[in-house]
Amino acid sequence: MDYRAFADEKIAEIRESVGDDLAINALSGGVDSSVVTVLGHRALGDRLKTVFVDNALMREGEPERVCKIFAEMSIPVECVDARAEFLDALAGLTDPEQKRNAVTNTFYRKVFGDLVQKTGAKYLLHGTILTDIEETVAGIKRQHNILTQLGIDPERELGYWVLEPLAALRKDGVREVAKVLGFPAKLAERIPFPGPALATRIVGEVTRQRLDTVRAATTIVEEELADSGAFQYLAVLLTDKATGIRNDRREFGQIVVVRCIDSVDARTATAVELPWEKLHRICERITAIEGVNRCLYDLTPKPPATVEYV
Ligand code: XMP
């Protein structure tokens, strides 16, 4: 595929669809929403408002990192603090589908609904990719950024139209578009990160404390595996606990799972055979996190597993 021609075509399509109206998009800092942000800005300039929604489920330092990268590209991004809304919506929920729905509904109905009303935007630019659509249609997973499959008709229920310029591409294609758009490597090569963020990596209830634990583990995994060349790597907090020993005392502690996979487009995946030395180092650092006394490495391919745990 000629990705430069694809980008030009999408820019023209966005410009034509939005006409003289205003559009809005949410930037998560992942490559999909970043590509949509740049296509949208090239099409609409300051008639596209880009927001970064801090949903409390982000990786360490993410809001600052994302806003800085886009400031360097002269694209203004407004940071919206919606941490309390998301944490309230997730409180008490343990069922994976209910948790995903809570994040999706809070995002599209509450936070975005308010923003659309406030700004008068008529269009939402969305980073949905083909894999999201296929897996949702096949019932494999409810992707957070798929609205119709969640029973939401954006035009009727939320008052805005949705444009999905990347809906024909998979992850590898999106990275190619990122390259022709001149993205800095630190952005084009970022590993995938799901819309519902760390909520997909906490089995059981999402609380501030459990988020802090999985966030700390995520930082370690991302630091240690940055040079692995893997498609994606992540840390997951389980609800099971196990007995361990800390400071010569028995403690009933938490269990963190590390996952590192190779994949082309996330439809199928295999676990990476990491060197023992690397695994030991990760284990040592993760079990130094307060309350965590076991670290496991997940060898399961997709299928039968999915990449995320929720
Ligand atoms: P799963 O867990 O479905 O993940 O095997 C496949 C790929 O998609 C990412 N993922 C998501 N991305 N919204 C997204 O934008 C979502 O709701 C979502 N759920 C999973 C996941 O990180 C992996 O790369």
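What counts and how
Residues numbered from 1 in each chain as written. Predicted model: local features only at pLDDT ≥ 70, side-chain atom pairs only at ≥ 80, totals over all residues. Heavy atoms only, no water. Salt bridge = Lys/Arg side-chain N within 4 Å of Asp/Glu carboxyl O. Helix = DSSP H or I, 4+ residues; strand = E, 2+ residues; numbered from the N terminus. Buried < 20%, exposed > 50% of the residue type's maximum accessible area, 1.4 Å probe, protein only. Expected span 1.5 Å × (residues − 1). Arc of directions from axis to C-beta. Domains from an automatic or database assignment. Buried area = accessible area lost by both parts, 1.4 Å probe. Nonpolar A, V, L, I, M, F, W, Y, C, P; charged D, E, K, R; others polar.

Trainee: Tell me about the pattern of salt bridges, residues and numbers included.
Mentor: Scanning the model with the defined rule gives 27 salt bridges in all. Ionic pairing is found between Lys 68 and Glu 72, a salt bridge with its closest N-O pair at 3.3 Å. Residue Lys 68 and its partner Glu 72 are both found in helix 3 (residues 62-72); the two are separated by 4 residues, about one turn of the helix. Across the pair, Glu 72 and Lys 68 agree in class, each one exposed. Between Lys 179 and Glu 176 there is a salt bridge, with the nearest N and O atoms lying 3.4 Å from each other. Of the two residues, Lys 179 and Glu 176 are both situated in helix 8 (residues 171-180); the distance of 3 residues between them amounts to about one turn of the helix. Judged by its relative accessible area of 52%, Lys 179 falls in the exposed class. Its relative accessible area of 31% is what places Glu 176 among the partly exposed residues.

Trainee: If you had to explain helix 1 (residues 3-18) to someone new, which residues and values would you point to?
Mentor: Look at helix 1: 22 Å from first C-alpha to last across 16 residues, which is about the 22 Å you get at 1.5 Å a residue. Listed in full, the buried residues belonging to helix 1 are Phe 6, Ala 7, Lys 10, Ile 11, Ile 14 and Val 18. Viewed along the axis of helix 1, the buried residues span an arc of 135°, placing them on a single side of the element. Positive backbone phi, at 55°, marks Gly 19, one or two positions downstream of helix 1.

Trainee: Mind laying out the domain arrangement of the protein, listing which residues take part and the relevant values?
Mentor: Segmenting the protein into domains produces domain 1 (3-188) and domain 2 (202-297). Buried area between domain 1 and domain 2, summed over both chains or domains, comes out near 1,400 Å², and the portion from carbon and sulfur atoms is 54%. Looking only at domain 1, the three residues that lose the most surface to domain 2 are Arg 59, Leu 87 and Lys 99, adding up to 29% of its buried area. Inspection of the domain 1/domain 2 interface yields 2 salt bridges. Residue Arg 267 pairs with Glu 134 through a salt bridge whose shortest N-O separation is 4.0 Å. Contributing elements (two or more residues each) for the side of domain 1 that touches domain 2: helix 4 (83-90), helix 6 (130-137) and helix 8. Per-element tally for the side of domain 1 that touches domain 2: the top contributor is helix 6, with 3 residues. Residue classes in the side of domain 1 that touches domain 2 are distributed as 7 nonpolar, 3 polar and 8 charged.

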